[in-house]
Amino acid sequence: MQTPNTFDSDKRKLLSSLAHGSIFISATLISILIPISVYFVSDDPIVKDNAKEAINFHFNVWLYGIFLVPLSFITFGLAGGLWWLIHWGFTAWAIYHCLNTPDLPFRYPFIFRPL
């Protein structure tokens, strides 16, 4: 079995960032297929952890969206706009983390983790 230091760092950065970055196309349900594919294609445990976290984040974005989209009509778009900024901000933070600290999986704060 390989230790975390024997995996290709550039490949780890790319696949982990790809898994997290897929949320930028979250308006389509196809976006969750990217981290699912990364999870099954990679044998790197850090990449697998990042892909699983990205899948959990997709579920959370959709769950919160179910509640915040109707609420945004009442708040004149404030609730939906605020959530949009937060989830894109968290995603940018995750990508930054994956590129600068590739040996540690990223963990989103304040989310439910069904997987």
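Everything below is about the structure shown above.
What comes next concerns the included structure. Just so you know, these numbers come straight off a predicted model, no measurement behind them.

### Overview of the overall build of the protein chain
Across its full length, the protein chain holds four helices and zero strands. Taken from N to C terminus, the helices and strands of the protein chain fall in the order α-α-α-α. Viewed in the frame of its principal axes, the protein chain has a C-alpha envelope of about 55 × 25 × 20 Å. Taken over 115 residues, the protein chain has a buried fraction of 39%.

### As for the packing of helix 3 (residues 45–74) against helix 4 (residues 78–100)
Interaxial distance between helix 3 and helix 4 falls to 8 Å at its minimum, and their mutual angle equals 170 degrees. Between helix 3 and helix 4, the angle falls in the class roughly antiparallel. Of the residues in helix 4, those touching helix 3 at N50, F57, N60, V61, Y64, G65, L68, L71 and S72 are L78, A79, G80, W83, H87, F90, T91 and C98. Taken together, the residues of the contact of helix 3 with helix 4 break down into ten nonpolar, seven polar and no charged.

### Examining the pattern of salt bridges
Inspection of the entire model under this criterion finds four salt bridges. In this structure, D44 engages R12 in a salt bridge whose closest nitrogen and oxygen atoms are separated by 2.8 Å. Taken together, the residues span a long stretch of sequence, with D44 in the loop between helix 2 (33–41) and helix 3 and R12 in helix 1 (residues 9–21) at a distance of 32 residues. Under the relative-accessibility criterion, D44 is labelled buried at 4%. Note that D103 is salt-bridged to R12, the shortest N-O span being 2.7 Å. With D103 in the segment after helix 4 and R12 in helix 1, the pair connects residues that are 91 residues apart, well separated along the chain. Its relative accessible area of 43% is what places D103 among the partly exposed residues.

Reading the values: the criteria
Residues numbered from 1 in each chain as written. Predicted model: local features only at pLDDT ≥ 70, side-chain atom pairs only at ≥ 80, totals over all residues. Heavy atoms only, no water. Helix = DSSP H or I, 4+ residues; strand = E, 2+ residues; numbered from the N terminus. Buried < 20%, exposed > 50% of the residue type's maximum accessible area, 1.4 Å probe, protein only. Axes fitted to C-alpha atoms, helices over the stretch in contact; angles between N-to-C directions. Parallel < 35°, antiparallel > 145°, perpendicular 65-115°, else oblique. Contact = heavy atoms within 4.5 Å. Nonpolar A, V, L, I, M, F, W, Y, C, P; charged D, E, K, R; others polar. Salt bridge = Lys/Arg side-chain N within 4 Å of Asp/Glu carboxyl O.

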